[in-house]
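Residue strings, one per chain:
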Amino acid sequence: VAPTVQPVMRTTCPYCGVGCGVLASPDGAGGASIAGDPDHPANFGRLCSKGSALGETLGLETRLLHPMARGRDGRMARADWDTAIGSIAQAFGKTIETHGPDAVAIYLSGQLLTEDYYAANKLAKGFLGTANVDTNSRLCMASSVAGHRRAFGSDTVPGVYADLDEADLVVLIGSNAAWCHPILFRRLEAARAMRGTKLVVIDPRRTATGDEADLFLPVNPGKDTVLFAGLLAWLADHDALDHAYIDAHTTGLADTLAGARAMAPDIAAVARETGVSAADLVQFYTLFATHERAVTCYSQGVNQSAQGTDKVNAIINVHLATGRIGRPGMGPFSLTGQPNAMGGREVGGLANQLAAHMNFTPVEIDRVRRFWQAPRLAEREGLKAVAMFEAIAAGRIKALWIMGTNPAVSLPRAGAMREALESLDFLVVSENVASNDTLSCRPHLVLPALAWGEKDGTVTNSERRISRQRAFLPPPGEARPDWWAIAQVGRRLGFDEAFAWRSAADVFREHAALSAFENDGSRDFDLSGLAMLDDAAFNIMAPVQWPVRSAGDSADKRFFADGHFFTPDHRARFVTPKPARLARETSTDFPFILNTGRIRDQWHTMTRTGLSPRLGAHLPVPFVEIHPSDATKLGIEHGGLVSLRSAHGSAVVEARLSVGQKRGALFAPIHWSDATSSNARINDLVARITDPVSGQPESKATPVAAMAL
Ligand code: SF4
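Residues numbered from 1 in each chain as written. Predicted model: local features only at pLDDT ≥ 70, side-chain atom pairs only at ≥ 80, totals over all residues. Heavy atoms only, no water.

Draft legend 1. Representation of the nonpolar core in the model. Core analysis: the biggest nonpolar cluster contains 119 residues, and Ile202, Phe228, Phe284 and Trp401 have the highest contact counts within it. Looking at which domains feed residues into this core, each of domain 2 (68–140 + 340–516 + 525–545) and domain 3 (142–335) gives three or more. Not counting residues up to four positions away in its chain, the partners in contact with tryptophan 401 are Ile88, Phe92, Ala105, Ile106, Tyr107, Leu123, Val428, Ser430, Leu447, Ala485, Ile486 and Val489. (Core = buried A, V, L, I, M, F, W, Y, C linked by side-chain atoms within 4.5 Å. Buried < 20%, exposed > 50% of the residue type's maximum accessible area, 1.4 Å probe, protein only. Domains from an automatic or database assignment. Contact = heavy atoms within 4.5 Å.)

Okay, structure coming up:
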């Protein structure tokens, strides 16, 4: 019987934070052909290599299709959903009864849909009574959140993608956008071809993005704040500050400028600290001073740092000082790594946020409690990701639910994380693959989750645009939506009414209603106009940028055009960064600085992209990039095996010699794990050092040793 060809479905790519629209044409036999959605404003029909290979990743061969529970004999055996839900409710309930609510935790993912995130956050913070609910987005952009909140009083991304079309100068710092946000980078390339936009790239490593730059600044690791302190001082010295804007809309410039002058007393000092030549610094500073329409995009090179929040604020400072924010072609712009890191922020999926961008203040605790009718609303912040796993290792957290993420590969000191997971009294993992490194950590229960193409809900991209992910394939086996599993546990614990959702649309409406609840405009996140969508309207909902304050409001929006911020006095804050230094310096034993990151054609731990031979062909084996002169000194040859070793772990990878690498610095991708290679899990080497404000780990600067094998 010939398969029935089904209608084309509009959905959203599950990979990076660009959030491209996808047209999926199911073939009726479990597959689908994939194309870019020409009507989606994030990509206008374009897809990168990963997005266009989505059709090659839809098979069920590697999928988890049934709940599995560990029996008394230690083996995993098929279980039914009813028993599985009962065992979670019992384990979490008993742990809370015996050890208190902070003995349980939920660890989420930027891969989840907003509805899944909302449900988990509500269960933990409202009904279990703990704020120990955090996410792998902590590893991705928590420093941006913290920087926004310090400067703006809210976690608000001011700009929109169209700013790249309208800018005369784009600065990319700590971002290999050509590989990691490829469709946005192509948009920038198109704008450059049209209007000659200047591009400055700042990165310790010369990447495909740096190769396209008009000016490339190879900054020393950890010295970004010096570069931007120097810029602030330069702007002040060259009469390039917007004093009318500063006086009307900001506070704190005098102190921050004094701090900048102390950190960057002159060009020679900045050049010494940053490793960028004085001539290049002057060229950059002059470009910034003379191009009003300037956008500064930053990504993990800024965020994944023990001083990430300070780096974010150093960038925001120069935009506030020039009044270049909230207007076309201007502003600081955080490029989020994951497809729904932003949605997680919106629902409060971070342990230090409540919900709908509300915080742990008495007024907002009370507001959320009343809205949810919550019996046990958490009244203080929970543990951020790294601290959460330290509490697990110390035995303070005894029951954990992991959803859609692979912390046994992705967290710093990943090997030690495995031991922590294995020590739990109760570990439940919601996954859509049958095996990965986290699933090898002896969970007590494994739940089959729906995957991309099967699940239904919303995601938010880097420019605050909410798009629908729609199901175009039937649920395989007994796989269920994550929000549904969470709701069942909530109901089993006795909270029927609070978790009575029948669909993702029900969850989304409640999320939108909470954003609107007692919101007189004093909170940035507002979906009032979407709170009454009926199911049919939710099904056809077009991509829309928040805030959506009234029904039918579909205009694209920038924030802060009126100079009105979400601080108590509505003024933005200048923030003075602390002295720039690496948390761990090199030593005789560990003479190299290891930088970690992504490659063009793989995503996270490769559970989906690894299924595509085409994607695997790009860079097929785990590797480390090293400067040729360092390689020569160590007898390392291109293609030879290298042993990497830090104070915490080791890995063996292939050498790639690259002049884009600074001497004394190495780069290795994060994608490989025990499931895909032997002894190539790079996060085993990374230290457990975090930014004191954001809690984001330092993934870009670990001292290591390298040796030819
Ligand atoms: Fe997907 Fe990002 Fe590529 Fe767009 S740029 S197709 S969202 S991976």
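Draft legend 2. Examining the pattern of salt bridges more closely. Applying the stated criterion across every chain, the model contains 44 salt bridges. A salt bridge links aspartate 211 to arginine 206, with the shortest nitrogen-to-oxygen separation between them at 3.0 Å. Its salt-bridge partner being aspartate 437, residue arginine 681 comes within 3.6 Å of it at the nearest N-O pair. Residue arginine 681 is located in the loop between strand 25 (665–669) and strand 26 (702–708), and its partner aspartate 437 is located in the loop between strand 15 (426–431) and strand 16 (445–448); the two are separated by 244 residues in the primary sequence. (Salt bridge = Lys/Arg side-chain N within 4 Å of Asp/Glu carboxyl O. Helix = DSSP H or I, 4+ residues; strand = E, 2+ residues; numbered from the N terminus.)

Draft legend 3. Representation of the packing of aromatic side chains in the model. Scanning the entire structure with this criterion turns up 25 aromatic pairs. Among the aromatic residues, those joined into a cluster by ring pairs are Phe152, Phe525, Trp546, Phe559, Phe560, Phe565 and Phe566. Positioned over the ring face of phenylalanine 667 is arginine 205, at 3.5 Å from the centre of the ring. Here the basic side chain of arginine 480 rests over the ring of tryptophan 484, its NZ or CZ set 5.7 Å away from the ring centre. (Phe/Tyr/Trp six-rings, centres within 6.5 Å; stacked < 30°, edge-to-face > 60°. Lys NZ or Arg CZ within 6 Å of the ring centre and 35° of its normal.)

Draft legend 4. Fine view of the site of the ligand. Every residue near the ligand is listed here: Cys13, Tyr15, Cys16, Gly19, Cys20, Leu47, Cys48, Lys50, Gly51, Pro182 and Ile183. Within the residue set of the shell around the ligand, elements represented by two or more residues are helix 1 (49–52) and helix 7 (182–195). For the shell around the ligand, the residue count by class is 8 nonpolar, 2 polar and 1 charged. (Near = heavy atom within 4 Å. Nonpolar A, V, L, I, M, F, W, Y, C, P; charged D, E, K, R; others polar.)

Draft legend 5. Up close: the sheet that holds strand 7 (residues 133–135). Overall, mixed pairing links the 7 strands, which are arranged 5-4-16-15-14-6-7 in an open sheet. With partners counted over all chains shown, the strands left at the sheet margins are strand 5 (76–78) and strand 7, one partner each. Between one strand axis and the next, the sheet turns through 15 degrees on average, direction left out of account. The sheet contact formed by strand 4 (residues 68–70) and strand 5 spans 3 bridges and is antiparallel. By the bridge assignment for strand 5, methionine 68 is matched with arginine 78. (Pairing = 2+ DSSP bridges. Axes fitted to C-alpha atoms, helices over the stretch in contact; angles between N-to-C directions.)

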